[in-house]
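What the coordinates show
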Amino acid sequence: MTTFSYTDPEFREILDRTKVIAIVGVTTNPVRPSFYVARYLQLKGYRIVPVNPRLAGQCVLGQPILPSLDAASGEDVDMVDIFRRSSEAGAIVDQAISVLPNLKTIWMQIGVSDPEAAARAEAIGLTVVMNRCPKIEYQRLYGELRIGGFNTGIVSSRIR
């Protein structure tokens with residue numbers, strides 16, 4: 001995906017294969033996007049590994065907040081979701097690559113992109129998504145955005 005454009009089947013494949021998500025930049029503040037994305041993904045059955053050095057040792061959504069991805073190395077993380085500035089994404093990607101042996105996907109949130117870091121990750125076989133939100137993509141692909149009045153373009157009577 002070096003063009004960094006994504007198809008619905010690619011998003012579905014990522015979301016279906018992912019089991020454990022390290023959320024870098026998570027917060028305990030329930031009105032912040034990183035909190036409600038983590039909460040939503042947890043409610044959908046993903047295991048959440050919260051990472052934020054400023055909040056390390058606290059808990060969010062029943063999980064201890066880790067100080068870094070190094071501390072998550074034994075957690076079988078297969079996706080890293082980055083809620084940090086684009087200028088910080090490269091270092092996070094490099095750390096993830098070096099310490100997470102089961103990593104399959106780097107996901108940079110809306111407003112976050114680093115094409116050079118993405119290219120490094122793709123060069124070793126990782127899938128990279130930039131400037132998108134897994135919560136929004138999940139809702140769109142599995143028909144949940146209709147509840148909020150959005151036209152998803154997907155016709156289905158099944159809600160996952």
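Here, every reference points to the structure presented above.
Residues numbered from 1 in each chain as written. Predicted model: local features only at pLDDT ≥ 70, side-chain atom pairs only at ≥ 80, totals over all residues. Heavy atoms only, no water.

On to the overall build of the chain, then. The number of helices and strands found in the chain is 5 helices and 7 strands. In sequence order, the chain lays out its α and β elements as α-β-α-β-β-β-β-α-β-α-β-α. For the chain, the proportion of its 160 residues judged to be buried stands at 47%. For the chain, contacts bridging at least 24 residues in sequence account for 61% of all contacts bridging at least 6. Of the accessible surface of the chain, which amounts to about 7,900 Å², a share of 53% is contributed by carbon and sulfur atoms. (Helix = DSSP H or I, 4+ residues; strand = E, 2+ residues; numbered from the N terminus. Buried < 20%, exposed > 50% of the residue type's maximum accessible area, 1.4 Å probe, protein only. Contact = heavy atoms within 4.5 Å. Areas by Shrake-Rupley, 256 points an atom, 1.4 Å probe, with all protein chains shown as cover.)

What follows concerns helix H3 (residues 86–99). Here H3 contains 14 residues, and its C-alpha end-to-end distance of 20 Å stays within 8% of the 20 Å for a straight helix at 1.5 Å per residue. For H3, every residue scored as buried is listed here: Ala89, Gly90, Ile92, Val93, Ala96 and Val99. The inward-facing, buried residues of H3 contact strand E1 (20–24), strand E5 (79–82), strand E6 (105–108) and helix H4 (115–123). (Expected span 1.5 Å × (residues − 1).)

We now examine the packing of helix H1 (residues 8–17) against helix H5 (residues 134–141). Their axes nearest at 10 Å, the elements H1 and H5 cross at an angle of 110°. Regarding the angle of H1 to H5, the classification is roughly perpendicular. The way H1 lies across H5 gives a crossing that is left-handed. On H5, the residues that touch Asp8, Phe11, Arg12 and Leu15 of H1 are Pro134, Glu137, Tyr138, Arg140 and Leu141. Here the residues of the contact of H1 with H5 sort into 5 nonpolar, no polar and 4 charged. (Axes fitted to C-alpha atoms, helices over the stretch in contact; angles between N-to-C directions. Parallel < 35°, antiparallel > 145°, perpendicular 65-115°, else oblique. Left-handed = near helix turned anticlockwise from the far one by under 90°. Nonpolar A, V, L, I, M, F, W, Y, C, P; charged D, E, K, R; others polar.)

Attention now moves to the sheet that holds strand E2 (residues 47–51). Reading across from one edge, E2-E1-E5-E6-E7 is the order of the 5 strands in this open sheet, with parallel pairing throughout. Each edge of the open sheet carries a strand with a single partner, namely E2 and strand E7 (127–129). Taken pair by pair, the neighbouring strands of this sheet meet at an average axis angle of 15°, ignoring direction. Judged from the 4 bridges that link them, E1 and E5 form a sheet pairing that is parallel. Residue pairing for E5: Val24 is matched across the bridge by Ile82. (Pairing = 2+ DSSP bridges.)

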